Amino acid sequence: MDKETFRQYGYEFVDWIADYLENVRKYPVRSAAKPGDIKSLLPAHPPEESEDMADIWKDFQSIILPGITHWQHPGWFAFFPANNSPASVLGELLTAGIGAQCMVWETSPAAAELEETVLEWLRQMLGLPEGLSGVIQDTASTATLTALLTAREVASGFSSNETGVAGNMRVYASAEAHSSIEKGVKIAGYGRSNLCYIPTDENYSMRSDRLEQAIRDDIDAGRKPACVVATIGTTSSTAIDPLPEIGRICRKYGIWLHVDAAFTGTAAILEENSDLLKGSEYADSFVFNPHKWLFTNFDCSAYFVKDPELLIRTMTINPEYLRTASDEKVNNYRDWGIQLGRRFRALKLWFVIREYGVGGLKEIVRKHIRLAQLFAYRIKSSEEFELLAPVTTNLVCFRWNDGSKSTKELNEFNKNLLALINNSGSVYLTHTVLSGCYTLRMAVGQRTTEKEDIARAWEVIKTSLELIK
Ligand SMILES: *Cc1c(COP(=O)(O)O)cnc(C)c1O
């Protein structure tokens, strides 16, 4: 591609993205594509000859776009948010343009030092304890796996990397913990049978008395407690595990404490939520995702550790061809995680924090929480709907229930209701199961979601209800 063509399409794409972000509400939130629809429109073999950018661009619009589910739609209430922002997109564009692979300090000193700096900014914004060191991982799943690997090394006296995992090393998490814990436990070689799920209370928070009991039972049986994962904001219902109590237990028994605040951690930037991370002084590691609810496009996950030496000792590999003269004086982030090659992710985060300012970020996060409360109020004041979990931040768990049906019938009814709601195309909600009840989830966190969008969601829900009643 010559420079002029690059320029032409570069301008055109930026124009297109600006319009897209402005008008995304015109698309159906969830793609209507059926399995195989998109693939059937794509050639089975790659082109031998160069193709015109005009044709590629045309195909993007006619083939790819209909197969896109629009996460930036103001009617996005599904799963969890994964929002972007204009500042983030511009940062990402420069990252792609520079094309630097930032595996060690020397391969781009600015990338390493900006990463160190913006993660320190994030630490301050969340009110995490001083002295934590941060590193960007691709996802919370990777960060949690990294924590499990470090905990495994520490619990084995740094022998498991050398000789493999021996004995029954145990990991504890609440029954509501994210599936990435189980995946990490399997990959890290603990064995899934060594993942101990701790029962939760009526708010779906981990019961710390049951945690301590499980740890004692394991010690008595000759097993080795290695890691506790506490969740601040479960994905299912944003339940908050009691961090101070869990932290004291971990300290008492000398167990690694990893905190998974992937989704809800963002809420801690608000003064009124300073309680959310109370007890984080006990954490050995902590993860939250700016790529979920902090306007930084996927992927960007912030991982903090109390003692980077333990992390580095777990991860370091130092073949001759990767050694550089500055190794002693700088952070070589290849030793702070699993992958060697690293994208320059700190740039978009830096753009986002500077362009919004911390005050601007707080304003929009506060708005989301207020909108969720508003929706929860509608549910509470309706005779036909009920809340199924406390609304701790920006997620509302609810269902239709007029009191006339059995649990089984209610589950079927609410499942059908959700399908109808989503067929409307103007909003997208997903579900979970809480205490055996099929539960609709309304997660408010899209950058451009406003009061009218909540009102529209409520209208869609009521209309869908009329249709199936
Ligand atoms: C979303 C989520 C994860 C996984 O995040 P990824 O970055 O997609 O790996 C882990 N834990 C919780 C609590 C989450 O909400």
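Predicted model only: the values in this text are computed from it and were never measured.

### So, the overall build of the protein chain
Inference 1: For the protein chain, the count of helices and strands is 14 helices and twelve strands.
Inference 2: A compact globule built from 469 residues should have a C-alpha radius of gyration of about 23 Å, and the protein chain, at 24 Å, falls within 12% of that.
Inference 3: Oriented by its inertia axes, the alpha-carbon framework of the protein chain measures out at about 70 × 60 × 45 Å.
Inference 4: Split into buried and exposed, the 469 residues of the protein chain put 52% on the buried side.
Inference 5: Across the protein chain, the fraction of contacts at a sequence separation of at least 24, relative to all contacts at a separation of at least 6, is 73%.
Inference 6: Accessible surface, the protein chain: about 21,600 Å² in total, of which carbon and sulfur atoms supply 52%.
Inference 7: On the protein chain, the mean spot of the 50 positive side-chain charges and the mean spot of the 60 negative ones are 5 Å from each other.

### Looking at the site of the ligand
Inference 1: Around the ligand there are 14 residues in total, and A140, S141, T235, D260 and K292 lie nearest to it.
Inference 2: The contact in question runs from a nitrogen atom of the ligand to an N or O atom on the side chain of D260, over 2.6 Å.
Inference 3: Residue N289 places a side-chain N or O atom 3.0 Å away from an oxygen atom belonging to the ligand.
Inference 4: Isolated, the ligand exposes 380 Å² of accessible area, and the fraction of that covered by the protein chains is 92%.
Inference 5: Elements that contribute at least two residues to the shell around the ligand include exactly α5 (140-155) and α10 (290-293).
Inference 6: Looking at the shell around the ligand, its residues break down into four nonpolar, eight polar and two charged.

Rules behind the numbers
Residues numbered from 1 in each chain as written. Predicted model: local features only at pLDDT ≥ 70, side-chain atom pairs only at ≥ 80, totals over all residues. Heavy atoms only, no water. Helix = DSSP H or I, 4+ residues; strand = E, 2+ residues; numbered from the N terminus. Rg over C-alpha atoms; globule rule 2.2 N^0.38 Å. Buried < 20%, exposed > 50% of the residue type's maximum accessible area, 1.4 Å probe, protein only. Contact = heavy atoms within 4.5 Å. Areas by Shrake-Rupley, 256 points an atom, 1.4 Å probe, with all protein chains shown as cover. Lys, Arg positive; Asp, Glu negative; His and termini not counted. Charge placed at Lys NZ, Arg CZ, Asp CG, Glu CD. Near = heavy atom within 4 Å. Polar contact = N/O pair within 3.5 Å; in protein donor to acceptor, adjacent residues only side chain to side chain. Nonpolar A, V, L, I, M, F, W, Y, C, P; charged D, E, K, R; others polar.

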